[in-house]
Every structure is written in C-alpha cells, then in structure tokens.
Amino acid sequence: MRLDLQRILPHDPNRYSGFRAIRWILAIYLIAVVGRSTIHLVASDGGANSIAGIDVSVAGGDNIIAIFHQWGATQLLLALFLVLLFFRYPGLTPLILLSLSMDPVVRAIAGQFKAVTAAGTPPGESLNWIAFYFILALFIASLVEKKSKKD
C-alpha cells in the first residue's frame with residue numbers, strides 16, 4: 001500500500017482517481033454535516049437546550065441561543081463550501097476529508113479552554129472522537145494509490 005500525499009493538492013483537481021466508495025461515504029457525511037448545521041441555524045433554541053442540554057433559562061440564555069444560531073450559520077457556510085468543492089473539484093476529496101478530520105480536533109482543543117456545562121453529554125462531544133477516527137481513516141484511504149486493472 002502506497003500513500004500519495006500529492007493527492008491532497010492534486011495537479012488536476014477535476015479528476016479523482018481513488019476508490020469510488022470513499023466519495024459516496026463522504027457525500028453521506030456531508031449531508032449529515034449540512035443537516036447538523038441547518039438544525040443549529042433554524043431550531044428555536046439553536047439546539048442549545050434541545051440537543052446539547054444547555055440550560056438556556058438562565059440570565060444570558062438568549063445570548064447562548066444567539067451564539068448557537070450564529071454557529072449554525074458559520075457551520076452551514078463552511079459545509080456548503082465543502083459541498084461545492086466536492087462536486088466541482090472531485091480531485092480535492094482528500095483535502096475535504098483532511099479539513100473535516102480537523103474539525104473534531106479543533107473542537108476538542110477549544111473545549112479544553114472552557115468546558116460546557118450541560119444536563120448530559122452533547123452529541124457533538126460524545127461523537128467527536130468517533131467522527132475523527134472515521135474521517136481520518138477515509139482520508140488515509142483516499143491517499144492510497146488504486147491499482148490499475150493491468151496490475
């Protein structure tokens with residue numbers, strides 16, 4: 001098995017020569033990311049209480065909700081940008097996966113600055129490292145040089 005790091009920024013971003021299944025799995029994952037972002041943007045509480053279990057009935061609760069809505073808007077813009085790259089430049093599939101794999105890492109680092117107090121474990125926190133390892137595995141697989149049918 002040979003990993004080709006040049007696939008991260010390929011010479012021809014219009015062509016993806018890796019395994020087709022990786023693109024299908026990535027497409028499904030991107031749909032989930034767009035869905036998650038949309039929920040944070042449009043849910044009445046931004047998902048702060050209904051999903052994350054954060055008490056928004058406290059002083060400043062409206063600010064917490066506003067931040068969740070803004071977070072959803074930012075997430076949605078980034079997700080749609082990745083979807084655009086996914087369809088327009090298939091060769092950037094490894095770069096998209098690398099970007100997505102960094103999201104759980106950066107969120108974990110941010111969580112070390114100030115932990116979130118919630119009624120339970122928010123889904124984003126409980127799924128953080130599962131998502132990281134899953135996307136990292138896809139990223140590594142996207143770098144594998146596919147053997148030609150002649151080999």
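Residues numbered from 1 in each chain as written. Predicted model: local features only at pLDDT ≥ 70, side-chain atom pairs only at ≥ 80, totals over all residues. Heavy atoms only, no water.

Quick notes on helix H3 (residues 93-113)
Turning to step 1, where the next piece is worked out: Taking 1.5 Å as the rise per residue, H3 with 21 residues should run 30 Å; its terminal C-alpha atoms sit 31 Å apart, in good agreement.
Turning to step 2, where the next piece is worked out: Along H3, the residues classified as buried are Thr93, Pro94, Ile96, Leu97, Leu100, Ser101, Pro104 and Ala108. (Helix = DSSP H or I, 4+ residues; strand = E, 2+ residues; numbered from the N terminus. Expected span 1.5 Å × (residues − 1). Buried < 20%, exposed > 50% of the residue type's maximum accessible area, 1.4 Å probe, protein only.)

Here we look at the packing of aromatic side chains
In this description, an aromatic ring pair is defined by two values, namely the gap between the centres and the angle between the planes.
Turning to step 1, where the next piece is worked out: One pass over the structure, following the stated rule, counts five aromatic pairs.
Turning to step 2, where the next piece is worked out: Look at Tyr29 and Phe134: their rings are 6.4 Å apart centre to centre, the planes differ by 40 degrees, and that puts the pair in the tilted class. Of this pair, Tyr29 sits in helix H1 (residues 20-42) while Phe134 is found in helix H5 (residues 128-143), placing the two residues 105 residues apart along the sequence.
Turning to step 3, where the next piece is worked out: Pairing Phe68 with Trp71 gives two aromatic rings, centres 5.5 Å apart and planes at 80 degrees, and the pair type is edge-to-face. You can see Phe68 and its partner Trp71 sitting in helix H2 (residues 61-88), three residues apart, about one turn around the helix. (Phe/Tyr/Trp six-rings, centres within 6.5 Å; stacked < 30°, edge-to-face > 60°.)

Topic: the nonpolar core
Soluble globular proteins tend to pack their nonpolar side chains together in the buried interior.
Turning to step 1, where the next piece is worked out: Formed by 16 residues in total, the largest nonpolar core has its most connected members in Leu26, Leu30, Leu82, Ile96, Leu97 and Leu100.
Turning to step 2, where the next piece is worked out: Contributions of two or more residues to this core are made by H1, H2, H3 and H5.
Turning to step 3, where the next piece is worked out: Excluding anything up to four places from it in sequence, Leu26 contacts Phe86, Thr93, Ile96, Leu97 and Leu100. (Core = buried A, V, L, I, M, F, W, Y, C linked by side-chain atoms within 4.5 Å. Contact = heavy atoms within 4.5 Å.)

A few points about H1
Turning to step 1, where the next piece is worked out: Taking 1.5 Å per residue as the helical rise, H1 with its 23 residues ought to reach 33 Å, and the 33 Å between its terminal C-alpha atoms agrees with that figure.
Turning to step 2, where the next piece is worked out: Ile22, Arg23, Leu26, Leu30, Val33, Ser37 and His40 are the residues of H1 that are buried.
Turning to step 3, where the next piece is worked out: Looking at the buried positions of H1, the neighbouring elements they touch are H2, H3 and H5.

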